[in-house]
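Okay, here's what each chain looks like letter by letter:
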Amino acid sequence: MSDDELIWRIAGGSGDGIDSTSQNFAKALMRSGLDVFTHRHYPSRIRGGHTYVEIRAAGHEVQSRGDGYNFLLALGDSFARNPQEEAYYGNEELKPLSENLDDLREGGVIVYDEGLLTEDDVAELDLEEKAEENGWHVYPVDLRGLAKEHGREVMRNTAGVGVTAGLLEMDLEHIEDLMSDAMSGDVLESNLDILHEAYEMVGDEIEVEHDLRAPEGEHDAEQALLSGSNAIAYGAIDGGCRFIAGYPMTPWTDVFTILSQNFPKMGGVSEQVEDEIAAAALAVGASHAGAKAMSGSSGGGFALMSEPLGLAEMTETPLVLLESMRAGPSTGMPTKPEQGDLEFVLYTSQGDSSRVVFAPGSIEEAYEQTRLAFHIAWEYQIPTIIIYDQKLSGENTNVDVAFFDREPEPGLGSTLTEEELAEAAHDNSGKFKRFQHESENGVSPRSLPGQKGGRYLATGNEHSPVGHISEDPDNRVYQMDRRLQKLESIREELDEEHESNQAAFGDDDAEYGIITWGSSQGAVQEAVERLNEQGHAVKGLGVSDMMPFPEAEVTDFLESVDEAMVVEMNATAQFRGLIQKELGRFGEKMTSLLKYNGNPFEPAEIVEGYEVNLADEDREPTAQVRIEPAAGD
Amino acid sequence: MSAFNAIGEEREIDREEFTPGVEPQPTWCPGCGDFGVLKALKQALPEVGKTPEEVLTVTGIGCSGKLNSYLDTYGFHTIHGRSLPVARAAKLANPEVEVIAAGGDGDGYGIGGNHFIHTARENHDMTYIVFNNEIFGLTKGQTSPTSPKGHKSKTQPSGSAKSPLRPLSMSLNAGATYIARTAAVNPNQAKEIIKEAIEHDGFAHIDFLTQCPTWNKDARQYVPYIDVQESDDYDFDVHDREEAARMMRETEDVLNEGTVLTGRYYVDDESPSYSQEKKAVGEMPEQPVAERYFDEDAEWERSYDLLDRHV
């Protein structure tokens, strides 16, 4: 475990401003030159209940949430109190403090609000005893009182940040700048007063006993703090997307919101509609008429989209869909991440249907692969899906802004202009042969309604080259083969013209492999680095191409190792199943490390999984994970 | 040069341009009311000056869904109940395309009922023709949402316990701004109503009574019909919502008793269409989204400019 990192956890009730406070604090840390990574934990309710955000900050690169944390700012849950009677609902008020102690590292720091929690309350927790045992340093501070004195109770977040900055010996400059950007007038004045007073309490009234200080770092280029949802939205914008339709559902709503707020300024259209069937059908309709369109949802909403998805494939209408996974089945755990929808996304919809599925493993990949999804969808006239999860959606990290400094790609791919249509093949009645059998890569270029010389019928039924419904056996086979040909062509293009979407890390010659997909990639990458530092020979592969599957790359990886561990956040080893299905072997080489308790992997859990699984240590893992043995074991 | 030159083209248009050559011939049964819709559309489109290439017909599934196989425009034959969301998005992406959606009573009032309510509510500028023959035809004769109470079919052998849905009243309450009922047996009225619906700037809903000679032999064949505008017995103001609502209720009541009333029931020329509303609040660009992709001078914003940058 690294000593030169701060993992600050702010805990409180939903609706208490935990999110905005942490977002600003993360920005302040980033602006001070640190790399940051956030992890957000929240319940499915609007106000109250235990929620926290962790910010990991270090002078070096960070790819995931850390192992536990070392600084707790426990605000009270203000919604746990009944305002009429000044009473408490059960022991919820104590939760921001009591619920977080398990993960606090040895020697960690606790600040709690003694304006809300009396000594008697805290006594229930045996905090003193636990602190002694774990070497924790506990600082009770009357944050609520301080906030009330200079403004309003709600400003106790600011008091908490001020005390944090004081205890960590941070400069207040960046925090002040961010506050000045966000507020003005009396509110700003009050908050600045509270910030300074809280900061100065450290040393004056609070005696510092701990060693933890804010790490130091420096960026050599401009940075932006952004989430996976931001990255996907930005990838869509740069991919030329200007139409989105959707229905709100956690966690996909974030992307929907970002694009809805930006499209009006960009000549685009956003529509919130009655349900997800409509949402995906709208995206199909807009795409058919000539817009680069997308829709998306999370598991339950995506279930409704399987029908328009099949329509898009059959009519060869380009389309990008997002599937932001949360724990299932059914409504599952709405605000908790899981990687449980892989098989659903790969195989949903009627018949021998196919689509392209990308599962980005980091924020950079989320941007890159969303752009790519638009390129592939419009070039090959096939639905493409970005599958990601609540973790990637909500985590923030800093990215070098130069990464985004590139040209947009608004082209409509294999769509013809009227000049090209004039030269294209037509039938006797003047209809355009939009679905021609003969084509090199499976793609038969299309026209758009309103174009001269492009008249055809798009139909979800099997159809002739001009689009008329056809049950002719020869035509069926031609059309089916042509549509299937697209996936092979896409695989070729991905292999030849694009940098690999798969992320490899660790030593090439390593005898053990850890393979993962999607948002678990960061934690795996960090675990691999740590294992190698400990003297093991391990390498990792984060796979993003789910369909068409990167057979060659995964085969090379698995052939090169003696044993492999497949890491994923679900209970049925879906990705491992996919590998076996696609490659038809390696079943005996692969064991699984599965986690599905609603919390994403910490790197240490993967390290432990390796030790138990591959290094054959004779013990059960302590973390809430499950090991699925290799085939035949 | 525009990317969509078929739009707004001014020339003499022959109705035969809307017939797709020799193939395919309609697969509808002899005597099917769907022929009436096809004929009325072929007559109406040239008269309102629409060329086949500027019209997009979007259909659902069922006998009605095959309309655009036999009508030679740009066409999108979708899936059961989903014609409206596809159609309205096409209109949003390129408002200059003339969008006509069509489907059956099962398709539009049953499985697509939710979309129908919301498309009417939003008052999208399009025409929606529902082939209402009170039966599921292509699946071989099951009770539909407009089948009368007591209707017997293979799936409701004891007779349906449900009252039929009232499409006109439903449409009015949902927010459609042009609502009419016509019948396949009344070609001149049908053509005129379709013309008005196309020219109407808002959601125009036509409940088109189409007889099914194969699966709904018991049903009235919608003759004789009475044109409420032509008859002295029915004096009401189509612009008055209250009067329109009263007439619709009456029409829907008497249809169950065997009297077929047709005509225009509600016309609201005042309310702005959805795209006008959307433009007014700044959610819709002046230039059609679809045009933008062909505009060499278009500036494409970059995500780079959205970043909150900091060293």
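Residues numbered from 1 in each chain as written. Chains lettered and ligands numbered in written order. Predicted model: local features only at pLDDT ≥ 70, side-chain atom pairs only at ≥ 80, totals over all residues. Heavy atoms only, no water.

### Examining the overall build of chain B
Scanning chain B from N- to C-terminus turns up 10 helices and 11 strands. For 311 residues, the compact-globule formula gives about 19 Å, and the C-alpha radius of gyration of chain B, at 21 Å, lands near that figure. When the backbone C-alpha atoms are referred to their principal axes, chain B occupies close to 75 × 45 × 40 Å. The buried share among the 311 residues of chain B stands at 61%. In chain B, 70% of the contacts between residues at least 6 apart in sequence involve partners at least 24 apart. Roughly 12,300 Å² of accessible area belongs to chain B as shown, and the carbon and sulfur atoms make up 47% of that amount. Charge separation in chain B, taken as the distance between the mean sites of 30 positive and 52 negative side-chain charges, equals 9 Å. (Helix = DSSP H or I, 4+ residues; strand = E, 2+ residues; numbered from the N terminus. Rg over C-alpha atoms; globule rule 2.2 N^0.38 Å. Buried < 20%, exposed > 50% of the residue type's maximum accessible area, 1.4 Å probe, protein only. Contact = heavy atoms within 4.5 Å. Areas by Shrake-Rupley, 256 points an atom, 1.4 Å probe, with all protein chains shown as cover. Lys, Arg positive; Asp, Glu negative; His and termini not counted. Charge placed at Lys NZ, Arg CZ, Asp CG, Glu CD.)

### Overview of the overall build of chain A
Of regular secondary structure, chain A possesses 22 helices and 24 strands. If one aligns the C-alpha atoms of chain A with their principal axes, the spans along those axes are about 90 × 60 × 50 Å. Within the span of chain A, comprising 633 residues, buried residues form 64% of the whole. Considering only contacts within chain A whose residues lie at least 6 apart along the sequence, 77% involve residues at least 24 apart. The average position of the 46 basic charges and that of the 122 acidic charges among the side chains of chain A differ by 8 Å.

### Remarks on the nonpolar core
One finds A:F243, A:M546, A:F575 and B:I129 to be the most contacted residues of the largest nonpolar core, which totals 180 residues. The dominant element in this core, judged by the number of residues it contributes, is helix α15 (residues 363–380) of chain A, at 10 residues. Leave out the neighbours within four places in its chain, and B:I129 touches B:V37, B:L41, B:I100, B:A101, B:A102, B:G103, B:I194, B:I206 and B:F208. A:L146, A:A147, A:M155 and A:L195 belong to the second largest nonpolar core, which has 47 residues in total. (Core = buried A, V, L, I, M, F, W, Y, C linked by side-chain atoms within 4.5 Å.)

### Concerning the side chain of B:H77
With respect to the helices, strands and loops of the structure, B:H77 is situated in strand β2 (residues 74–77). For B:H77, a relative accessible area of 2% corresponds to the buried category. Within the structure, B:H77 has its side chain in polar contact with the side chain of A:T459 (distance 2.8 Å). Reaching out from B:H77, the side chain makes a polar contact with the backbone oxygen of B:G60 at a distance of 3.1 Å. For B:H77, the contacting residues outside a window of four places in its chain are A:L311, A:L457, A:A458, A:T459, A:G460, A:N461, A:I469, B:T59, B:G60, B:I61, B:G65 and B:N68. (Polar contact = N/O pair within 3.5 Å; in protein donor to acceptor, adjacent residues only side chain to side chain.)

### What about the interface of chain A and chain B?
Where interface size is given, it is often the accessible area lost as the parts come together that is meant. Each partner contributes residues to the interface: chain A has 76 residues there, and chain B has 64 residues. Buried surface at the junction of chain A and chain B, both sides included, amounts to about 5,800 Å², of which 59% is carbon and sulfur. At the boundary of chain A with chain B, the tally comes to 11 salt bridges. As a salt-bridge pair, A:D405 and B:R302 come within 2.9 Å of each other at their nearest N and O atoms. For the pair chain A and chain B, the interface holds 32 residue pairs in polar contact (both at pLDDT 80 or more). When contributions to the side of chain A that touches chain B are tallied by element, the ones reaching two or more residues are α1 (18–31), β9 (223–227), α9 (228–238), β11 (269–272), α11 (276–289), α13 (306–315), α17 (418–423) and β17 (457–459) of chain A. In terms of residue count, α11(A) provides more of the side of chain A that touches chain B than any other element does, 9 residues in total. (Buried area = accessible area lost by both parts, 1.4 Å probe. Salt bridge = Lys/Arg side-chain N within 4 Å of Asp/Glu carboxyl O.)

### Here we look at the sheet that holds strand β8 (residues 203–209) of chain B
The 9 strands are arranged β17(A)-β2(B)-β1(B)-β3(B)-β4(B)-β8(B)-β7(B)-β10(B)-β9(B) in an open sheet whose pairing can be described as mixed. Each of the sheet's edge strands pairs with one partner strand only, and the pair in question is β17 of chain A together with β9 (225–227) of chain B. Adjacent strand axes in the sheet meet at a mean angle of 20° when their direction is disregarded. Where β9(B) lies against strand β10 (residues 260–267) of chain B, 3 bridges are found, and the strand directions are parallel. When the sheet's bridge partners are listed, B:I226 is paired in β10(B) with B:L261. (Pairing = 2+ DSSP bridges. Axes fitted to C-alpha atoms, helices over the stretch in contact; angles between N-to-C directions.)

### Regarding the state of the cysteines
All names here are of chain B. Enumeration over the complete set of coordinates arrives at 0 disulfides over all chains. Here C29 stays unpaired: no disulfide links it, and the sulfur of C32, its closest cysteine neighbor, is 6.3 Å away. C29 gets classed as partly exposed once you look at its relative accessible area, which sits at 33%. Left unpaired, C212 is separated from the closest cysteine sulfur, that of C29, by 6.4 Å. (Disulfide = S-S within 2.5 Å.)

### Details of the pattern of salt bridges
Think of it this way: side chains of opposite charge can pair up when their charged atoms draw near. Applying the stated criterion across every chain, the model contains 49 salt bridges over all chains. Here A:E169 ties to A:R213 by a salt bridge, and the two come within 3.2 Å at their closest N and O atoms. Remark: A:R213 occurs in the loop between α8 (185–204) and β9 and A:E169 occurs in the loop between α6 (156–168) and α7 (173–182); sequence separation between them is 44 residues. Given a relative accessible area of 29%, A:R213 falls into the partly exposed group. Across the pair B:D72 and A:K431 runs a salt bridge whose closest N-O atoms are separated by 3.1 Å. Separated into two different chains, B:D72 in the loop between α2 (67–70) and β2 and A:K431 in the loop between α17 and β17 make up a pair that spans both. Across this residue pair, the class does not change: B:D72 and A:K431 are buried. The structure contains a network of salt bridges with shared partners spanning A:E5, A:R56, A:D67, A:R105, A:E526 and A:R530.

### Description of the sheet that holds strand β14 (residues 356–358) of chain A
Residue and element names in this part refer to chain A. The 7 strands are arranged β11-β10-β12-β13-β15-β14-β21 in an open sheet whose pairing can be described as mixed. Either end of the sheet is taken by a strand with one partner, and the two such strands are β11 and β21 (545–547). Within the sheet, the average angular offset between the axes of one strand and its neighbour, ignoring direction, is 20°. The sheet contact formed by strand β10 (residues 243–246) and strand β12 (residues 293–297) spans 2 bridges and is parallel. Within β12, the position partnered with F243 by the bridge is A293.

### Concerning the environment of A:V62
All names here are of chain A. Counting through the fold element by element, V62 comes out in the loop between β3 (48–58) and β4 (69–74). Between the C-alpha atom of V62 and that of G328, which follows or precedes it by 266 residues, the distance is 29 Å. If we ignore the near neighbours within four places in the chain, the residues touching V62 are D35, V36, F37, R56 and T397.

### Details of unusual backbone geometry
Residue and element names in this part refer to chain A. Here the amide bond leading from T250 into P251 is cis, since omega sits at 0°, within 30 degrees of zero. Residue P329 is bonded to the preceding G328 through a cis peptide linkage, with omega at -5°. Structurally, P329 can be placed in the loop between β13 (319–325) and α14 (342–347). In the Ramachandran plot, D126 falls in the positive-phi region, its phi being about 55° despite a non-glycine side chain. Secondary-structure assignment places D126 in the loop between α3 (119–123) and α4 (127–134). Phi at Q381 is positive, roughly 55°, even though this residue is not glycine. Along the polypeptide, Q381 turns up in the loop between α15 and β15 (383–389). On the basis of relative accessibility, which here comes to 0%, the residue Q381 falls in the buried class.

### Digging into the packing of α9(A) against helix α10 (residues 253–262) of chain A
All names here are of chain A. Interhelical geometry of α9 versus α10 gives an angle of 45° and a closest axis separation of 8 Å. Compared by their axis directions, α9 and α10 come out oblique. The handedness of the crossing between α9 and α10 comes out as right-handed. The segment α9 lies against α10, with S229, N230, I232, A233, A236 and I237 engaging D254, V255, I258, L259 and N262. (Parallel < 35°, antiparallel > 145°, perpendicular 65-115°, else oblique. Left-handed = near helix turned anticlockwise from the far one by under 90°.)

### Digging into the packing of aromatic side chains
In the structure shown here, the tally under the stated rule is 21 aromatic pairs over all chains. Here the aromatic rings of B:W28 and B:F35 are separated by 5.3 Å at their centres, their planes lie at 90°, and the arrangement is edge-to-face. Of the residues examined, B:F35 reaches a relative accessible area of 33% and is grouped as partly exposed. For the pair B:Y293 and B:W300, a centre-to-centre distance of 5.0 Å together with 40° between the ring planes defines the contact as tilted. The two residues B:Y293 and B:W300 agree in class, both being buried. Through a chain of ring-to-ring contacts, the aromatic side chains of A:Y234, A:Y367, A:F403 and A:F404 assemble into a single cluster. Here A:R40 stacks its cationic end above the ring of A:Y42, 4.3 Å away from the centre of that ring. The ring of B:W300 has B:R292 lying over it, and the distance from NZ or CZ to the ring centre is 4.5 Å. (Phe/Tyr/Trp six-rings, centres within 6.5 Å; stacked < 30°, edge-to-face > 60°. Lys NZ or Arg CZ within 6 Å of the ring centre and 35° of its normal.)

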